Amino acid sequence: MSSSHEGRFVTIYFNDEAFKVPEGLTVMKALEYAGIRFTHGSGCRGGFCGACPILYRLPGDYKFRVGLACQTAVVDNMRISLIPYVPVVPPKIKRSDVKPSPGYVIALFPELTRCVSCNACSKACPQGLSPMDAVQAILRGDLIKAATLTFDCISCGLCSLRCPAEIRHYLVFRVVGRIVGLFYTPKVKTIEHRIKEIKEGKYSKALETLASMKPDELRKIYDSYLKSGRLPEFLEVK
Amino acid sequence: MKTLLYYPGCSIKKDFTDIEKASMSLLSALGYTVIEIENWYCCGGFSSITLLDHVKQVGAFRTLSIASKQSIKLSTNTILTLCPFCYNVLKRASTLQVNEPGVYRRVAEYLKDDVEPYSGGLSIIHLVELLVAELDNLKKLVKNSLKGLRIAAYYGCMLLRPKNVAIDNPENPLSIEKVLEVLGAEPVDFPYKTYCCGAFHTLGEAEIVSYNSTKIIKSAIDAGATIIATPCPLCLYNLQRYSPYVEAGIKVLHLVDVIAHAIGLHSINKLINLKINSK
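Residues numbered from 1 in each chain as written. Chains lettered and ligands numbered in written order. Predicted model: local features only at pLDDT ≥ 70, side-chain atom pairs only at ≥ 80, totals over all residues. Heavy atoms only, no water.

Comments concerning the interface of chain A and chain B
The test is simple: Whether two residues are in contact is decided by their heavy atoms, any of which lying within 4.5 Å being enough. Whenever Lys or Arg places a side-chain nitrogen within 4 Å of a carboxyl oxygen from Asp or Glu, that contact is recorded as a salt bridge. Here a polar contact means two N or O atoms within 3.5 Å. Within protein one must be a hydrogen donor candidate and the other an acceptor candidate, and residues neighboring in sequence count only if both atoms are side-chain atoms. Elements are defined by DSSP. Helices are runs of H or I of four residues or more, strands are runs of E of two residues or more, and each kind is numbered from the N terminus.
Chain A puts 20 residues into the contact, and the matching count from chain B is 17 residues. A salt bridge links Asp113 of chain B to Lys63 of chain A; the shortest N-O distance between them is 2.5 Å. Applying the counting rule to chain A against chain B returns 11 residue pairs in polar contact (both at pLDDT 80 or more). Residue assignment for the side of chain A that touches chain B shows that the elements contributing at least two residues are helix H2 (102-108), helix H3 (120-123) and helix H4 (131-139) of chain A. When residues in the side of chain A that touches chain B are grouped by element, the largest group, five residues, is from H4 of chain A.

Right, here's the structure in full:
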């Protein structure tokens, strides 16, 4: 190793193969340092997209630990597995059939009733949510509570992987979130107003003109907007 | 004021909100403060009773642990249930430590990551037990006497079996009859009052439910009843749904609806065509 790495090194095991990597890196950076190329299981690298969940264990501890590869720092002798995808098959949903009722959600995802509140899902959540409480809320008919509890779900699927009831959590939560959005969240008045304007054709002419322009003409408009902060007259719809 | 911790259960919260509302009004009229357990989980219902699978008991056990902590803050040790299934499961889970120490240790060991294991001290009661203890006070609340109404009390299984959790004599229970008498009604004795309605076979083998429910209702009609009152949401659902005799005129009502009518909370006249808002 070159002298530029003056820090200490740790050993990590990825798919049971040992790699020596600098201390202080995230698992993702460490694996890249070790020469592993991410073609899957990497996304925003900012801890938000949910593409890089990992399962790992630490020496001297039977506990399964979970995290995101881009957020978890390496620990000496940790054993890591990447879980880029947990298979779930989404049910077909017709907008006209959607009902704001727990019965509808349970009919789509009958496995929900198999929840025994073992809490394995919550222990597996890298976001620190409680999928168990959300599932239980659905079972007792409180969709709003379920949607609120799972608002920060990043759809990594680790909970579904650990669930003895084989619940498809993140699909369930996505459907519940949308039902709550459709039926319970207050509608934003300004959006209704804007939709009305669009339907009445207020912006159609400007849009058509813009769409018919050639790339270099668009570039000119863009550059002059950057300079002056003003749009050409035909785009200033009042 | 007497304080009770309250475990609603999923059915009551999802499909029987009217029963919950009426029960709460009734309890408040009897002078009780009822506080819902801050975090409760599905008791496990049917599967935790029938299967020898300890993981199925985790929900009930977790709930007891949380309730136990909250009970100390509220200085009460009583958990009230409205649903006979929840009563049965919680009651059995609460005696696990004494009756099945091996199972208790396993469940507690599994749960210790999340909650402190429940170590006894809570008393699980069903609404019917509470009402039997409050007969005198209940009598004072009666506004519309049910005089002349011949009502058959249908218990179902969960309040009476197994024997060690029964709220009354499992062979010939009389608790609900006592309540009905206080309301002014005439309780009708009939031989099938503890016969199983078919319970969860309603999901897979509805013929069983149809056969049993029809038998129960026919027997109540033969005994001269015009109303069947049951404290169990599932029995109510099954009896209402699967017997052709219900069409013929006999009404199957939740016990709480009958009481609510008698004490002037809401009228059962509207409930003759009571539908369950299942979807």
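With respect to the domain arrangement of chain A
All names here are of chain A. Counted only if it meets this: Here the bounds of each domain stem from an automatic or database domain assignment. Defined here as a combined quantity, buried area equals the accessible surface (1.4 Å probe) lost by two parts on assembly, summed across both. In this classification, the charged set is Asp, Glu, Lys and Arg, the nonpolar set is Ala, Val, Leu, Ile, Met, Phe, Trp, Tyr, Cys and Pro, and all remaining amino acids, among them Gly, are polar.
Each assigned domain of chain A is listed with its residue range as follows: domain 1 (9-82), domain 2 (95-183) and domain 3 (189-235). Centre-to-centre separation of domain 1 and domain 2, based on C-alpha positions: 28 Å. Taken together, the contacts link 11 residues of domain 1 with 10 residues of domain 2. Summed over both partners, the interface of domain 1 with domain 2 comes to about 740 Å²; 73% of that surface belongs to carbon and sulfur atoms. Looking only at domain 1, the three residues that lose the most surface to domain 2 are Pro53, Phe64 and Val66, adding up to 45% of its buried area. Our count for the contact surface shared by domain 1 and domain 2 stands at zero salt bridges. Viewed at the interface, domain 2 and domain 1 are joined by zero residue pairs in polar contact (both at pLDDT 80 or more). For the side of domain 1 that touches domain 2, the secondary-structure elements that each account for two or more residues are strand S3 (53-57) and strand S4 (65-68). Of the residues assigned to the side of domain 1 that touches domain 2, the class counts are eight nonpolar, three polar and no charged.

Digging into the sheet that holds S3 of chain A
All names here are of chain A. Keep this limit in mind: Being paired, for any two strands, means DSSP has found at least two bridges between them. Note on definitions: angles span 0 to 180 degrees between N-to-C directions of axes, and those axes are lines fitted to C-alpha atoms, for helices only across the stretch in contact.
Taken together, five strands build an open sheet; the order of strands is S2-S1-S5-S3-S4 and the sheet is mixed. The strands lining the two open edges of the sheet, one partner per strand, are strand S2 (17-22) and S4. Averaged over all pairs of adjacent strands, the angle between strand axes in this sheet comes to 35°, irrespective of strand direction. Two strands pair when backbone bridges link them, and S3 and S4 are joined in this way by four bridges, in the antiparallel orientation.

Here we look at helix H4 (residues 58-74) of chain B
As a reminder of what qualifies: Expected helix span is given by 1.5 Å per residue-to-residue step, counting one fewer step than there are residues. Note on classification: 1.4 Å probe, protein chains only; a residue is buried when its accessible area is under 20% of the maximum for its type, exposed when over 50%, partly exposed between these limits.
The end-to-end C-alpha distance of H4 of chain B, which contains 17 residues, comes to 24 Å, matching closely the 24 Å that a straight helix rising 1.5 Å per residue would cover. Most of H4 of chain B sits out of view: 13 of its 17 residues are buried.

Comments concerning the sheet that holds strand S3 (residues 78-81) of chain B
Residues and elements named next belong to chain B. Strand order in the open sheet formed by four strands is S2-S1-S3-S4, and the pairing between neighbours is parallel. Two strands bound the open sheet, and with one partner strand each, they are strand S2 (32-36) and strand S4 (123-126). Going from strand to strand, the sheet's axes swing by 40° on average, the running direction of each strand aside. Bridge count between strand S1 (residues 2-7) and S3: three bridges; the pairing is parallel. Counted as the bridge partner of Tyr7 is Thr81 from S3. Contacts between helix H2 (residues 17-29) and the sheet are confined to S1, S2 and S3, with S2 contributing the most and set at about 140° to the helix. Packing against the sheet, helix H5 (residues 84-94) makes contact with S1, S3 and S4, and its axis sits at approximately 160° to S4.

Structural notes on the domain arrangement of chain B
All names here are of chain B. Parsing chain B into structural domains produces domain 1 (2-127) and domain 2 (143-272). A C-alpha centroid distance of 24 Å is found between domain 1 and domain 2. Contact between domain 1 and domain 2 buries roughly 1800 Å² in total, counting both sides, with carbon and sulfur atoms accounting for 84%. Area buried by domain 1 at its contact with domain 2 is led by Ile19, Pro84 and Phe85, which between them contribute 28% of it. Across the domain 1-domain 2 interface, the total number found is zero salt bridges. Where domain 1 packs against domain 2, one counts three residue pairs in polar contact (both at pLDDT 80 or more). Contributions of two or more residues to the side of domain 1 that touches domain 2 are made by H2, helix H3 (45-50) and H5. For the side of domain 1 that touches domain 2, the element with the highest residue contribution is H5, accounting for six residues. Among the residues making up the side of domain 1 that touches domain 2, the classes are represented as 13 nonpolar, five polar and two charged.

A few points about the pairing of strand S1 (residues 9-14) of chain A
Residue and element names in this part refer to chain A. By the criterion of burial, S1 is predominantly enclosed, with five of the six residues buried. Bridge count for S1 against S2 is six bridges, and the pairing is antiparallel. Looking at S2, one finds that Phe9 is bridged to Pro22. Following S1, the chain reverses through two residues before pairing antiparallel with S2; Asn15 in that reversal takes a positive phi of roughly 50°. As paired strands, S1 and strand S5 (residues 78-82) are joined by three bridges and run parallel to one another. Considered in S5, the bridge of Ile12 is made with Met78.

Things to note about the pairing of S1 of chain B
One ladder, built from five bridges, connects S1 of chain B with S2 of chain B; its direction is parallel. Looking at S2 of chain B, one finds that Thr3 of chain B is bridged to Thr33 of chain B.

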